[in-house]
Amino acid sequence: MHSTTRHIVSLVLGLSLVACGGGETEATTPPPSSAAPTTVAEPTTITLDAPAITVHTVAAPRFSLVVAHPGELQLDATGMPRDVQLTVLDNNGWNVASDGDSGDGLDARLATFLAPATYTVRVHEYNHVAATAHVSARALTAFTPAATVAAGAPPATVVSPAGDWDRAASSEIAITVATAGNYRITAVAADSSTCIPYITLIQNDAVLTTNSYGGPNNSALIDRALTPGNYTLRLRDSSYRACSHVVTVAAQP
Amino acid sequence: MRRHTLVLSTLALLGLAGTALAQTLPALTIDAPATTVEIPAEPTLTLTLAAPTEVLFDAISTDGDAQLRVLHDGSFVAEDGDSGDGTNARLSAFLAAGTYQVVAYDYQYRATTVNLSAVTAPPIASAATLAPGAPATAIATPAGDWGRAASTEVALHVATAGSYTLTADTSDSTCSPEITVISGNQVQGWVISASSTGHAASDARALTAGDYTLRIRNWNGRACAMTVTVTPAS
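From a predicted model like this one, the values you see are computed outputs, not experimental measurements. (Residues numbered from 1 in each chain as written. Chains lettered and ligands numbered in written order. Predicted model: local features only at pLDDT ≥ 70, side-chain atom pairs only at ≥ 80, totals over all residues.)

Draft legend 1. Fine view of the overall build of chain A. Along its length, chain A carries one helix and 17 strands. Within the span of chain A, comprising 253 residues, buried residues form 33% of the whole. For chain A, contacts bridging at least 24 residues in sequence account for 71% of all contacts bridging at least 6. (Helix = DSSP H or I, 4+ residues; strand = E, 2+ residues; numbered from the N terminus. Buried ≥ 20, exposed ≤ 12 C-beta atoms within 10 Å, placed from the backbone. Contact = placed C-beta atoms within 7 Å.)

This is the structure:
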């Protein structure tokens, strides 16, 4: 065999081994064999004090999701009356985002900012019963900022709407930073006894950080070194209530 | 350089560049109509108990991370992920006579093989025997890597029905005592827990005349010295 070809084959075989469960937390189902599988009935009862029985757990359906550009995606998994759950995993099998019931009824819905990569989307049923799921992904359009705040400028008052899931209950503020430095971003609810701000700092369609309860009186606070540029602060109440928040961006010594 | 390019090109053709794993999966395309998929049921086994029993369940997998859930008429009873060796699941539960559903699944929802057993839990020897009003009795709970293994038991004989205060106290600021009251192989009421570490677990209970078992442990599973008292509640 030619040396180059041998290298390629070795590499491909190695990667194939990894793909078949050599590493991380996600393993793939082996390719179908040409031989007819032998079907063995699974036990349906377990008897007290009897020897252990062997059962086989089943693989939940998985999809490959290719993200070509950074952006926010909404994923939905519906399957009422069953309780379909949704998980997004990265290329190493780590959980990126998951949801159970943020959609209508028991349906799963999530919005997440994803960097360009290939992800795995997994669906399963909360009670481990059989279900039919309908799974979709769509690109989300950006919010229209409710206000623009520059570092050192007077605070902006922003109302986050009531919503039945996190994105629906969110508003956004544009933040402009002219000079590199350390900045403190705070969100204080007008009614701090009822509302608890939850803030997410975003730049270039990627989440930089989030905070809730970071400041006094249930306020949210982010201390962060920022380079000059445009940022977005997504803001909501932790319990998805309609709330008024005062947002300040201040340079720190 | 040429060989490097050739390798990358070949991998790209095979769909292995970037992620070999995901290429074997059906695609979920952004902004495409929803894809319909069937989610299969996980193994669910029926367990029938003729009498109240403390049942010890084990779910052992050599190729996955076995999880275990026990239901009664579809309602949650108990579950566990990793209380057994390694990532195996183990739980003990006092169950009344009846029919239960035992569900096994993998933590990552993969196809795996699980050996599942349900046995009568072996008795825990009583460390002491108490009667209401007796002096505080010193006990030592063992260290254990799961709840039952970290437990000791005290036998309690109640001669007269009444309200009694059950207390497990400790002077060790790292301990968090917990008392489970058991009678006739059934748990009586809620587990009595300390409000925080270094504090006593104490509560008043109405007890009928008879024999009880107090199962006592340190909530965090470490060995702990405690004293146990049962006094008539005022």
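Resuming the write-up.
Draft legend 2. Highlighting the overall build of chain B. Per the secondary structure count, chain B includes one helix and 18 strands. Scaling as 2.2 N^0.38, a compact globule of 234 residues should have a C-alpha radius of gyration of about 17 Å, whereas chain B reaches 25 Å, well beyond that. Burial statistics for chain B: of 234 residues in total, 35% are counted as buried. Residue pairs in contact within chain B that sit at least 24 positions apart in sequence constitute 72% of those at least 6 positions apart. (Rg over C-alpha atoms; globule rule 2.2 N^0.38 Å.)

Draft legend 3. Spatial organisation of the domain arrangement of chain A. Residues and elements named next belong to chain A. What the domain assignment lists for chain A is domain 1 (62-139) and domain 2 (147-251). On a C-alpha basis, the centres of domain 1 and domain 2 stand 26 Å from each other. Going through the elements one at a time, strand S3 (71-78) and strand S6 (108-114) are the ones with two or more residues in the side of domain 1 that touches domain 2. Per element, the largest residue contribution to the side of domain 1 that touches domain 2 is three residues, and it comes from S6. Taken together, the residues that form the side of domain 1 that touches domain 2 break down as four nonpolar, two polar and two charged. (Domains from an automatic or database assignment. Nonpolar A, V, L, I, M, F, W, Y, C, P; charged D, E, K, R; others polar.)

Draft legend 4. Highlighting the confidence of the model for chain B. Residues and elements named next belong to chain B. The predicted model of chain B averages 90 in pLDDT, with 90% of residues at 70 or higher. Ranking the helices and strands of chain B by mean pLDDT puts strand S8 (residues 113-120) first, with 98, and helix H1 (residues 2-14) last, with 37. Segment residues 1-23: pLDDT under 50, and 30 contacts once partners within four positions in sequence are set aside and those in other chains are kept. What the predictor reports for the complex is a pTM of 0.78 with an ipTM of 0.83. (pLDDT = per-residue confidence, 0-100.)

Draft legend 5. Spotlight on the domain arrangement of chain B. All names here are of chain B. Domain parsing of chain B yields domain 1 (44-120) and domain 2 (126-232). Here the C-alpha centroids of domain 1 and domain 2 sit 26 Å apart. Contacts between the two partners involve eight residues from domain 1, matched on the other side by seven residues from domain 2. Looking at the side of domain 1 that touches domain 2, the elements that each hand over two or more residues are strand S3 (53-61) and strand S6 (89-95). In terms of residue count, the dominant contributor to the side of domain 1 that touches domain 2 is S6 (three residues). Classifying every residue of the side of domain 1 that touches domain 2 gives three nonpolar, three polar and two charged.

Draft legend 6. The nonpolar core, seen in detail. Ranked by internal contacts, the top residues of the largest apolar core, which has 45 residues, are Val-123 of chain A together with Val-102 and Ala-104 of chain B. The element best represented in this core is strand S7 (residues 98-106) of chain B, accounting for five residues. Counting 24 residues, the second-largest nonpolar core is a separate cluster that includes Cys-195, Ile-196, Tyr-198 and Leu-226 of chain A. (Core = buried A, V, L, I, M, F, W, Y, C linked by C-beta atoms within 7 Å.)

Draft legend 7. View of the sheet that holds strand S18 (residues 224-232) of chain B. All names here are of chain B. Strand order in the open sheet made by the four strands is S10-S18-S12-S16, with antiparallel pairing throughout. Across the chains shown, the open sheet's two edge strands, defined by having one partner strand only, are strand S10 (137-141) and strand S16 (201-207). Across the sheet, the mean angle from the axis of one strand to that of its neighbour is 25°, orientation sign disregarded. Across seven bridges, strand S12 (residues 162-169) lies against S16 in antiparallel orientation. Looking at S16, one finds that Ala-168 is bridged to Ala-201. (Pairing = 2+ DSSP bridges. Axes fitted to C-alpha atoms, helices over the stretch in contact; angles between N-to-C directions.)

Draft legend 8. Unusual backbone geometry, seen in detail. In this structure, Pro-81 of chain A follows Met-80 of chain A across a cis peptide bond, with omega equal to 10°. Within the secondary structure layout, Pro-81 of chain A lies in the loop between S3 and strand S4 (84-89). For Tyr-109 of chain B, which is not a glycine, the phi torsion comes out positive at approximately 55°. The residue Tyr-109 of chain B is located in the loop between S7 and S8 in this model. Residue Tyr-109 of chain B is classed as buried on the basis of its 25 C-beta neighbours within 10 Å.

Draft legend 9. A look at the sheet that holds S6 of chain B. Reading across the sheet, the four strands line up as S1(A)-S8(B)-S3(B)-S6(B) and stay open at both edges, with antiparallel pairing between neighbours. Looking along the sheet, the strands with just one partner apiece sit at the ends: strand S1 (53-56) of chain A together with S6 of chain B. With direction set aside, neighbouring strand axes in the sheet form an average angle of 25°. With seven bridges joining them, S3 of chain B and S6 of chain B adopt antiparallel strand pairing. Note on S6 of chain B: the bridge partner recorded for Asp-58 of chain B is Arg-90 of chain B.

Draft legend 10. Quick peek at the confidence of the model for chain A. Residues and elements named next belong to chain A. With 85% of its residues at a pLDDT of 70 or more, chain A has an overall mean of 87. Across residues 1-25 the pLDDT falls below 50, and counting only partners more than four positions away or on other chains, this stretch makes 26 contacts in the model. For residues 27-35, every residue scores under 50 in pLDDT, and the model assigns this stretch nine contacts once sequence neighbours within four places are set aside.

Draft legend 11. Region of the structure containing the environment of Val-84 of chain A. Residue and element names in this part refer to chain A. Position of Val-84 among the secondary structure elements: in strand S4. Looking at Val-84, the number of C-beta atoms within 10 Å reads 27, which means it is buried. Residues Val-84 and Val-123, 39 residues apart in the sequence, show an inter-C-alpha distance of 6.6 Å.

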